[in-house]
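# Notes for the structure review
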Amino acid sequence: MTMMQALSKAFGSAGIRMGFAIGNPEIIQLMNNVKAPYNINKLSSDVAINALRNIPTLETNIAILLKEREVLMTKLNALEFVTKVYPSDANFVLFRMKQLAQELYVTMANRGIVTRFRGNEIHCEECFRVTVGTPEENVKFWGMLVDTYAELSR
């Protein structure tokens, strides 16, 4: 078995697109055989090492993420235009709207809030995926979601 982990939002390092693998040495060697030489730069490597050395920061980030995800899911469930909020163990939430998901996605993106429209995926008609952000980012997302839906529904 091999475990792969991204240094994601919880590590405060999603932007560096870095991760690691733990597993049987023979499997790790096979992975090393097919990767490009020098496939990461020194700056990214230093950020990753620093993130892995700061477990208290990781634990704080996870606690904030879990709380914010719960707040976001509770608020989404209370909206009359949201028909389903899917369970999530990740740093994002998938939810289905009654209508206007694609229009809402485009309008919000044009106004600076980037989400993911999932309405073209199988069984995801009118679905949106939003990343759980900081409390401030979530407040901004929430306000724009409600206001933009009201605007588009007129």
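These lines cover the structure that appears in this document, whether it is placed above or below. Just so we're clear, the structure is a prediction, and the values are computed from it rather than from any experiment.

### A look at the nonpolar core
Membership of the largest hydrophobic core comes to 25 residues, with the highest contact counts inside it found for Leu76, Val93, Phe95, Met97, Met108, Phe141 and Leu145. Breaking this core down by element, the ones donating at least two residues are helix H3 (55-78), strand E3 (82-85), strand E4 (92-97), helix H4 (101-110), strand E6 (127-131) and helix H5 (135-153). For this core, the leading source of residues is H5, giving 5 residues. Met108 has contacts with Ile113, Phe128, Phe141, Met144, Leu145 and Thr148, leaving out every residue within four places of it along the chain. Of all hydrophobic cores here, the second largest spans 7 residues; its members include Leu7, Ala10, Phe11 and Met18.

### Concerning unusual backbone geometry
At Leu100, a position not held by glycine, the phi torsion is positive, near 65°. Along the chain, Leu100 falls in the loop between E4 and H4. Even without being glycine, Glu126 reaches a positive phi, approximately 60°. Looking at the secondary structure, you find Glu126 in the loop between strand E5 (116-117) and E6. In this structure Glu126 comes out as partly exposed when scored by relative accessible area, which is 29%.

### Section: the pattern of salt bridges
The tally for this structure, following the rule as stated, stands at 4 salt bridges. Between Lys98 and Glu80 there is a salt bridge, with its nearest N and O atoms 3.3 Å apart. Pair noted here: Lys98 is in the loop between E4 and H4 and Glu80 is in the loop between H3 and E3, with a separation of 18 residues, a long-range link. On the accessibility criterion, Glu80 (53% relative accessible area) is exposed.

### Let's talk about the packing of H3 against H5
Where H3 meets H5, the closest approach of the two axes is 10 Å, and the angle between their N-to-C directions is 15°. The angle between H3 and H5 places the two elements in the roughly parallel class. Here the hand of the crossing between H3 and H5 comes out right-handed. From H3, Ile64, Glu68, Leu72, Lys75 and Leu76 reach across to H5, where they touch Pro135, Asn138, Phe141, Trp142 and Leu145. Taken together, the residues that form the contact of H3 with H5 break down as 7 nonpolar, 1 polar and 2 charged.

### Observations regarding the packing of H4 against H5
At a minimum axis distance of 10 Å, the contact between H4 and H5 shows a crossing angle of 125°. It follows that H4 is oblique to H5 by the angle criterion. The way H4 lies across H5 gives a crossing that is right-handed. Contacts between H4 and H5 involve Glu103, Leu104, Thr107 and Met108 from the former and Phe141, Met144, Leu145, Thr148, Tyr149 and Leu152 from the latter. Counted by class, the contact of H4 with H5 contains 7 nonpolar, 2 polar and 1 charged residues.

Each value, and the rule that gives it
- Residues numbered from 1 in each chain as written.
- Predicted model: local features only at pLDDT ≥ 70, side-chain atom pairs only at ≥ 80, totals over all residues.
- Heavy atoms only, no water.
- Core = buried A, V, L, I, M, F, W, Y, C linked by side-chain atoms within 4.5 Å.
- Buried < 20%, exposed > 50% of the residue type's maximum accessible area, 1.4 Å probe, protein only.
- Helix = DSSP H or I, 4+ residues; strand = E, 2+ residues; numbered from the N terminus.
- Contact = heavy atoms within 4.5 Å.
- Salt bridge = Lys/Arg side-chain N within 4 Å of Asp/Glu carboxyl O.
- Axes fitted to C-alpha atoms, helices over the stretch in contact; angles between N-to-C directions.
- Parallel < 35°, antiparallel > 145°, perpendicular 65-115°, else oblique.
- Left-handed = near helix turned anticlockwise from the far one by under 90°.
- Nonpolar A, V, L, I, M, F, W, Y, C, P; charged D, E, K, R; others polar.

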